[in-house]
Structure formats: C-alpha cells, structure tokens
Amino acid sequence: MANFSLKVNGEQRTVDVDPDTPLLWVLRDSIGLVGTKYGCGIGQCGACTVHVNGTALKSCSMTIDAADGKDITTIEGLDPNGQHPLQKSWRENDVPQCGYCQAGQIMKAAALLKENPSPSEAEVEASMSSNICRCGTYVRIKKAILDAAK
Amino acid sequence: MTHNNDIKRRSFLKLTAAASGGLVLGFNLMAGCNAPVEKIVQKALPENWFNINTFLKIGENGLVSIFSPNPEIGQNIKTSMPMIVAEELDTAWEDVIVEQAPLTADFDRQVAGGSQSIRHGWDSLRQAGASARNMLMKAAGKQWNLPIEKLKTEAGFVINEKGEKLSYGELAEAAGGVSVPEKVEFKDPENYKIIGHSKPNVDMNVIVEGKSSYGLDTKREGMVYAVAVRAPAFGMTLTSYDDSKAKTVAGVIDVVKFDEHKVAVVANSTWAAMKGAKAINAEWKGGSGLEDSKDHERKLLDLLNKRSKEPARNDGNFDKAFASADQTLERTYSAPFLPHNCLEPMNFFADVKGDRAECHGPIQTPQWTQSRIADKIGIPKENVSIGMTRMGGGFGRRLYGDFAEEAAQISQKVEKPVQLVFSREDDMTAGTYRPASKYKMKAGIKDGKIVAYHLTEACINGNMYGLIPNFFPAGAIPNLRIDLNNFESNITTGAWRAPYTNFLAFAEQSFFDELGEMLGKDPVDLRLELFEIAKNNPEEGREYSPERSIAVTKLVAEKSNWGKAGDGVYQGLSVYYSHNTHVAEVADVVLVDGLPVVKKVTCAVHCGIVVNPLAAQNQVEGGIIDGIGHAMYGDLTFENGVPSVKNFDNYKLIRMNQAPEVDVHFVKSAESPTGLGEPSLPPAGGAVANAIFKATGVRLYKQPFRLEEELG
C-alpha cells in the first residue's frame, strides 16, 4: 500500500492503496464516486471513461500509480449543476435505456466536443466507437452529441 | 417547470396512516434500496403522506407518489407504468414522483420479462389510478354534500358544477377513509393527457449526472467485496484449492469455500477481491463431462433428421403434400450460443444475520429469487427481503438469481454484509447462455402456392418452438408439421432477449424470402397473400393476428419506399410476431468496397396503445440494433467445456459506427397495449440477411454472418 494524491473534480484527494489499483476502483471504492462504471476492466467498453488532465481515458486501464498527481474529472464533476450541454441534450433526446454506459458516453463525448466543437457525423461515429451501449441507443447518443454541438 | 432541489433530499417521511376503510398498505421505504427520487416536479415534498392504495399516496400539498411495481432493466417501465396510474388518477404528471416498489405480496407479478409488464399491468395500474380518483371524488362529494356524478376531475383537482375546486392534497386524508369502489370506469383513450404523450425517463438525472442507483453502486457500513472462483469449464468440479497466495494480497480479508465447488475471496475493495481471486490456486477435475461445440454441431445435425414422437403441430398431411409438390425447398439454419453481456456485470448485495437476510441488487425475478435464497441458505422465505435496484441491462440473464444465491451464501459464511461482484470474465464464462440451435425447414409449392411446410428444431436443453407452435405460418399453409428435438447438456442455458424467436425469426423470414424468390413473388406481396389466407381461415389455436400482420407489412412498405429505394440501395423484408406485438422491418443495405453495410432499418409496430412514445421508439431502435449486432457478430463456442470468449477483446458487440439509422412507425390503435422490450429484435436479422441477398446474391444460413468469408 502507498499514498497517492490526485485532484478529483477540483478536490485534492489522498488515497492509500496498492500502486497497481486501477483508477476506476479508486474512484468507486476509495473515494465513493460511483458514477464511473465498471464494464470490462480491459479498456474495451468505455463505461469507465473519465477525463485525465482534460483527455478522455478509460479509468479501468490506468493505475493509481500512473494517475498520481493528475487532475481527474468524473461524470459527477462534469458540471456542478448537471447542466453540461451534453447532459441537457441527453435529457432532451431521452437517450438512455438501462443507462449504465451513459456516464462514460457523456464523458467521451465531452472530450470530443472540447477538442472538436462541431464534429461531423463520421467524426462522432469514429470517436464514439470506443464506447459500447449494450441497449443499442447509438442513434440517440449520436443525435444528442450533434445537437449539443450545434 | 422548475426542478425543485428539495425533492432530491433522501426522505424519511412521516407516514400518516390512512383511516380504517382504506386499502391495507405496507408502505415500506426500505432505506437504501430505492434510487433517489429524480424527476421534474413542481412541488416540494409534503409534511404528510396519505396512503390511498397499494400503488399511490398523496401529500397534503397534492404531490403524488406512485410505486413502480416491476424491476427496471432499461425497458422504461419505471416511467411508463406510473404514467398509466397517473392518467386514471387524473393528476398532472409534474406533480408525480416515482419510487421503485419493494417486493411485497400487494403487487402481482413483480417481474421484468417476456415484454409483459405493460400488457399484464394495464388493468391493475388503471384500476389503481381510477379507484383513487373515485375515492377523492367521494371525499369531495361528502364535503360539498354532492353525489360524485355531479363532480369532475382535472389535473389534481375535484371540481363541482359551480366551478369550485378541491385539490387532491386537501382531500387525501379524507379519501383514505372512504370505501374502495368495487367497479370504476376507465377513461376513453381519446381523452388521455399523459398516456400517449412522451415523458422523459424518471431516472434521467440519476443517469446523466452519475448518481448511485445500480446494484454495483451499493455501499454499506461494514460491507465487504467478494469475487468468486468458479470452475473454468462446464462439467468440472473442485478437488482442492490453495489460498495462501490469495491471503497475502493487500486488502484480502477471508477466503471461503461455498456452494460445494466455488471459492470466494472477500476483501475490503473490489480490486483486492479480484486480485485475490486470481491468486487462488485451485485444482479441478473434469472427466467425461467436458463438452465441445464440434460435438454439439454433429448432435444437432443428427437431430434435424429425427421426428419427435408427438409433433408440436400437425395440420393436414405434410408428407403427402410435399411428395406431390411441383417444387420443393429445404434449408438448414444454425445459431451459436450467446452470452447476455449486460454492461453491468452480475452482482448482488446480501447481509445475512442469523435467520434473516437483507438482499438487494439487479434482479428481474425478485419473487423467485427470494424463495431460492431462502432454500439455499436454509431460512424462512418471509425472512428474506429483496430490494430492486436499477439494472444495467437484463436481456434475460437477470431472470436467474444464481448470483444472488451466491452473495447470500458468502455473507452467511463470512457473517458480514457482502457485495458479490462478477468480473466481465466471470460474467461471460459463468453464463446462462442462449443455447445453440438448428432449424431445418422444408416447403412444397403446388400451382404457385406454398402448400406444405415442415420445421424441425434441434436445440440444447429443452425446446423453444414447443412454446409457440401456433405462430405464423400456422393457418397460412394447409399442410404443416413441427418437430422438436433436443439433447441435454451441462452447459447452463436460459432465456436470452426474445428467447424462443431471437434466432428462429431470422431462419423463418430468410426461408420465406427464398420461397418468394422461387415463386417469383415480391416479398411484401407474398407476406400479404399468406396473411390473407390465415385471415380467411378461422383456424383454431392461431396465436398471431393476420390483421395486425397485414397492417405492419403495409405500413413498413409505405414508410420504407419499398421497391423504390433508389439505385444502390438493396432492401430486405422481415415480418414477425412475438411477445404479443407485431413488427415488420425493412433493412436498406448498400455496398461499400463490395461489402454490404446496413444503412437504415424502417420499422412498423403494432403494440396497441403506445404509452410513452419517445421511450417506446427507443425500445424499438435498441432492439433492432441489438438484433443486427448479434446476428452479425455474436458467437460463443466451447472446447472441453471451456467458453471460447471471456471479454470484449474477443467478443464483438455492435458499436456506433456499425449501427444503422432506425425509422420507427407505430400503427395507430386504441386497443390495450402490448410490450416492446423484445419484439423488434427477432425480425432484424432476417431483414438484413434478405437485403444482403439482394445486394450480393448470397444467402446467409448461419449466425454470426461472417460476411467476408461468405462473400469470398
């Protein structure tokens, strides 16, 4: 076990865990931010997507050792009032079914829009293909992103 | 409309019991089991709630709290079931909050499965709303000294002929004391203000703001995390295990053997439990029970040549009609095993203390699971509570409470509150899979008509068509025979979204497309001709409706521009009835670098009244994309009892860049609603396969499609 220090949603946090612990489990079990979801543990489904120093990354595939000292944003910290344009667009398009993947989808999309504020449909598809929605809400996720980008 | 933050606070409200005479109501807030209340509402939480009946309570300020009785797996019933209650209550939707009901005998069929929640709940949900409305009117009538015939209601108020109003909030306490009506009138669908008007998901904010609500999000004082080590192959049993290495993993608290052949590693974090489980050194023995997909393949093919002792259906004389046919067609279709792959892996919370167990988590069958847990750990059923969390998908996997039984056993052993977590690998390899199956279909054509049809099913662990022998083409073909064969396997199998038809529909609709080609008939015309025959043949025991089938076929033809889609667009049709709902789909395929790509699916649905249109459309879109994804990519085989896939690096699920546009249309109807969680899935594979044939001239007989191999 060792101490690691990181900033999560603007707050400085110190955790005492094994260095190989994935950031995902530090967020969920040590810090109690359960909005970031576990889906596969091998960086294939994107349910655990967070922003690390502003870049979308799969938190299951980053150890706390690698995340030490970094600035992390999770779905809980995307917008203090839950009013990020993507969150609003998700509501307007009634996107979710089971909803489990949606936090990861929103975090991935938020990073995309930050980098490319008006992506084409093909750019949205290329970027978002990192994230699985088992319910198949892809049509709505795409529309919600394109709406928010307008 | 404003979002009132007061609503967000976790409420432990003072419950004011309704005076005697009201229904008996065990309102049990079950702290910690219910997701936070999240919905756009106009009113703050009231000081007092007045129980009106099992489904609803009303606050003194007119806020209405409605229980959603069934588990939510993404099928939207937590929104759409309360909508039905609110409609008949005649309150404003903005004055409604929704809570997940606890498991209690007060509710009938607290199950998520078979696309039955809305269909089955239709009468009881309307009854709950309408009888509460009646009681509120009686209470107002008493105050005004008027009979209820002189009163009307509107958006949470009872109104008399002078235009005076009393709010439901003002009447709630008195309404609890009036007699429950024996019979109530339901609204005319023409007058619906909530049903048929899209309402956003009541858990929308929970989802988009990442708040705790799923089983895996459970955190409790003193809770430990458990990960289980199970046999690596079906047919293996545990001989011994060494936990010395696992116990050195930081955070590991305990290692216990449970359920005869499983080992649980219990730790203070999920990661430590996962690491500990990997460090268990277990010895397993197999013997002769280790199965192989190659053997399954041979056995299934053999079974296709056998006839069952009792055919599931036998109309006319197939053999005679087939022998005298002008033309015949025989085709075999093959399906692999499929894992469910809910994105939230299986998990459950259990706290067993003495002869009591408090359990909760994502479960489609809380009632059944309650009994199973009680039996498994040897305590009375009444002492097992089951709370329902929101579920990160179900697809049939969460019908089976094996994971809940496991959690309870581990908690009993370690005497702690336990959250059992499946890794993705555990989830994919300890499944209750859609069984592999094969269908052989034979048909005879005489004088330009399909006169003979024979379906043989070969399946693993039970049969599927036996449950649906009266589906299409029953009644449309005079000589029809259905034979069912199966063999038993030690691989656990079960229901997978649209269990009997998810593959069968592809086989059948591909076969009819090929028959249409032989007959030189347009696929739409052939379907309409067959449905007309069925309609004019008042056959007993025919389960589908030819009229609804005709309606969806005509609507999809119109909306898809059937036959006029333009150059380079190849269309395929599939029409299928399942789970009481009729669906027709047209897939538009284009060729990109010589390979077919599904661009769009147009879909027509007849499900009676559409309760929540935007959500209904979502279900249909998702079902189609799910159906296409699994038809194209889903595959799981076994070698010596070991599943071939363990995670998403070698198990492919459809992604956004492969998902087509979906255009959904509902047949307008005032008839009672049927479900939508499953029915759009079965026809999707056939529509795509038939379009691919148009585009490439290649017929597909196996799932997954493996287009590059098939098309050379």
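Residues numbered from 1 in each chain as written. Chains lettered and ligands numbered in written order. Predicted model: local features only at pLDDT ≥ 70, side-chain atom pairs only at ≥ 80, totals over all residues. Heavy atoms only, no water.

A. Region of the structure containing the domain arrangement of chain A. Residue and element names in this part refer to chain A. Structurally, chain A comprises domain 1 (2–77) and domain 2 (85–149). Centre-to-centre separation of domain 1 and domain 2, based on C-alpha positions: 21 Å. On the domain 2 side, the residues contacting the 16 residues of domain 1 number 13 residues. When the two sides are added together, the surface that domain 1 and domain 2 hide from each other amounts to roughly 1,200 Å², 62% of it contributed by carbon and sulfur. Ranking the residues of domain 1 by area buried against domain 2 places T49, H51 and I75 at the top, with a combined share of 38%. Taken together, domain 1 and domain 2 are joined by four residue pairs in polar contact (both at pLDDT 80 or more). Elements that contribute at least two residues to the side of domain 1 that touches domain 2 include exactly β3 (49–52) and β4 (55–58). The biggest single contributor to the side of domain 1 that touches domain 2 is β3, with three residues. Taken together, the residues of the side of domain 1 that touches domain 2 break down into six nonpolar, eight polar and two charged. (Domains from an automatic or database assignment. Contact = heavy atoms within 4.5 Å. Buried area = accessible area lost by both parts, 1.4 Å probe. Polar contact = N/O pair within 3.5 Å; in protein donor to acceptor, adjacent residues only side chain to side chain. Helix = DSSP H or I, 4+ residues; strand = E, 2+ residues; numbered from the N terminus. Nonpolar A, V, L, I, M, F, W, Y, C, P; charged D, E, K, R; others polar.)

B. Local environment of the interface of chain A and chain B. Between chain A and chain B, the contact holds 52 residues from the first and 60 residues from the second. For the pair chain A and chain B, the summed buried surface comes to about 4,600 Å²; carbon and sulfur atoms form 57% of the total. Looking at the side of chain A facing chain B, the largest losses of area belong to Q97(A), R134(A) and Y138(A), adding up to 18% of the total buried there. On inspection of chain A and its partner chain B, the count reaches eight salt bridges. A salt bridge links D18(A) to K275(B); its shortest N-O distance comes to 3.0 Å. (Salt bridge = Lys/Arg side-chain N within 4 Å of Asp/Glu carboxyl O.)

C. Up close: the state of the cysteines. In this structure the tally under the stated criterion is zero disulfides over all chains. Summary of cysteine pairing: C133(A) is not part of a disulfide, and the nearest cysteine sulfur, belonging to C101(A), is at 3.8 Å. Residue C133(A) is classed as buried on the basis of its relative accessible area, which comes to 3%. Left without a disulfide partner, C342(B) is nearest to the cysteine sulfur of C98(A), which lies 8.1 Å away. (Disulfide = S-S within 2.5 Å. Buried < 20%, exposed > 50% of the residue type's maximum accessible area, 1.4 Å probe, protein only.)

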